[in-house]
Amino acid sequence: MAKATKKQALGRGLSALLKDPTNDIQSANDKNADKVVGNIVELELTSIEMNPFQPRTSFNEEALRELASSIKELGVIQPITVRKLSFNKYQLVSGERRFRASKLIGLETIPAYIRIANDQESLEMALVENIQREDLDPIEIALSYQRLIDEIDLTQEEMSDRVGKNRSTITNYLRLLKLDPIIQTGMRDGFISMGHGRALISVENQDAQLDIYEKVLSNNLSVRETEAIVRGLKKNNESATTKKKVVPKFATEAQSSLSNYFDSKVNVKVSANGKGQLVVPFTSKEDFQRILKKIQGEN
């Protein structure tokens with residue numbers, strides 16, 4: 001929690017710097033621009049306008065409310081990105097869902113990355129340098145990698161050369177961003193390690209993912225113990241799927257003769273409770289009528 005407070009204080013300090021009209025930062029070459037590029041700044045939502053070129057025009061209201069609820073509980077985990085237009089005026093570049101959700105719950109400020117004129121090279125240098133720091137948590141590193149992809153337009157191969165890391169290492173960090181926001185927050189706060197996070201990524205069902213996360217916290221489980229739980233869950237799911245897909249012998253024996261009779265590949269589906277269906281495909285209206293006559297016993 002102390003780390004989060006420190007970040008917020010830094011953001012407020014930079015926000016005050018950007019509100020100094022006598023030293024307004026408009027370019028990467030301006031005084032104090034290096035303090036802004038690559039850093040998180042707390043901006044007032046009223047100072048940010050929508051991007052008129054945003055291709056996305058519709059948002060799922062229910063999903064937006066869910067995101068708003070998450071932000072109310074955990075805060076904005078991934079800052080938005082804005083472009084500086086003029087003094088204390090910005091335009092949204094990315095993160096419109098986070099921006100809308102924050103407004104929905106009445107937040108006054110939002111953490112943001114600011115893009116300023118001719119800052120491309122400076123931003124890349126700042127992000128690469130940031131990744132090399134030793135005090136970053138895995139999610140912070142993952143977000144920096146994602147920004148290099150989104151804002152500098154680097155491929156994972158190019159990024160590998162820039163930061164001196166294997167592509168597989170970069171991929172493993174980026175995959176952490178697919179975790180539920182609650183788990184990402186837990187990793188940022190040091191409740192779980194990157195190893196725990198990597199184990200949980202392979203659990204596709206989000207509710208199951210969170211259930212295991214709660215077990216990890218309550219029982220102080222190691223990475224190996226977490227991996228064992230995930231393997232057990234997968235094994236159970238695979239067994240259930242296999243059991244469901246087993247077609248009884250009486251059905252498989254009839255499948256071949258039915259296919260020969262209808263002169264069409266008949267599919268037999270049987271569920272775990274014994275109920276099932278026959279699927280007889282047809283290729284045209286004439287073929288359908290031919291099969292229908294077979295069913296009706298006509299020549």
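Up top you'll find the structure we're talking about.
Quick notes on the rules
- Residues numbered from 1 in each chain as written.
- Predicted model: local features only at pLDDT ≥ 70, side-chain atom pairs only at ≥ 80, totals over all residues.
- Heavy atoms only, no water.
- Salt bridge = Lys/Arg side-chain N within 4 Å of Asp/Glu carboxyl O.
- Helix = DSSP H or I, 4+ residues; strand = E, 2+ residues; numbered from the N terminus.
- Buried < 20%, exposed > 50% of the residue type's maximum accessible area, 1.4 Å probe, protein only.
- Pairing = 2+ DSSP bridges.
- Expected span 1.5 Å × (residues − 1).
- Arc of directions from axis to C-beta.
- Contact = heavy atoms within 4.5 Å.
- Polar contact = N/O pair within 3.5 Å; in protein donor to acceptor, adjacent residues only side chain to side chain.

> Whenever I open this one, the pattern of salt bridges confuses me. Can you help?
Side-chain pairs of opposite charge can arise where the charged atoms are in close proximity. Applying the stated criterion to the full structure yields eight salt bridges. Here Lys84 and Asp24 are joined by a salt bridge, their closest N and O atoms 2.9 Å apart. Placement of the pair is Lys84 in strand β3 (residues 80–86) and Asp24 in the loop between α1 (2–18) and α2 (33–36), with a sequence separation of 60 residues. The exposure class of Lys84 is buried, given its relative accessible area of 7%.

> Help me understand the pairing of β3, please; the structure alone is not making it clear to me.
Sheet topology note: the β3/strand β5 (residues 109–115) ladder contains four bridges and is parallel. When the sheet's bridge partners are listed, Thr81 is paired in β5 with Tyr113. Strand direction decides the pairing type here: β3 and strand β4 (residues 89–94), joined by five bridges, are antiparallel. The residue bridging Thr81 from the neighbouring strand is Ser94, located in β4.

> Sorry if this is basic, but what is going on with helix α3 (residues 61–74) here?
An α-helix turns once every 3.6 residues. As a result, residues three or four positions apart point the same way. Between the first and last C-alpha of α3 there are 20 Å, a value that for 14 residues agrees with the 20 Å anticipated at 1.5 Å per step. When we look at burial in α3, the residues that qualify are Leu64, Leu67, Ala68, Ser70 and Ile71. When α3 is viewed along its axis, its buried side chains cluster within an angular range of 160° and face the same direction. Projecting away from the buried face of α3 at angles above 90 degrees are the exposed residues Glu62, Arg65, Glu66, Lys72 and Glu73. Among the structural elements, α4 (96–104) and α9 (181–188) are those in contact with the buried residues of α3. At the N-terminal end of α3, a side-chain oxygen is found 3.0 Å from the backbone nitrogen of Glu62, two or three residues along, and the residue is Asn60. A positive phi of about 85° marks Gly75, the residue just after α3.

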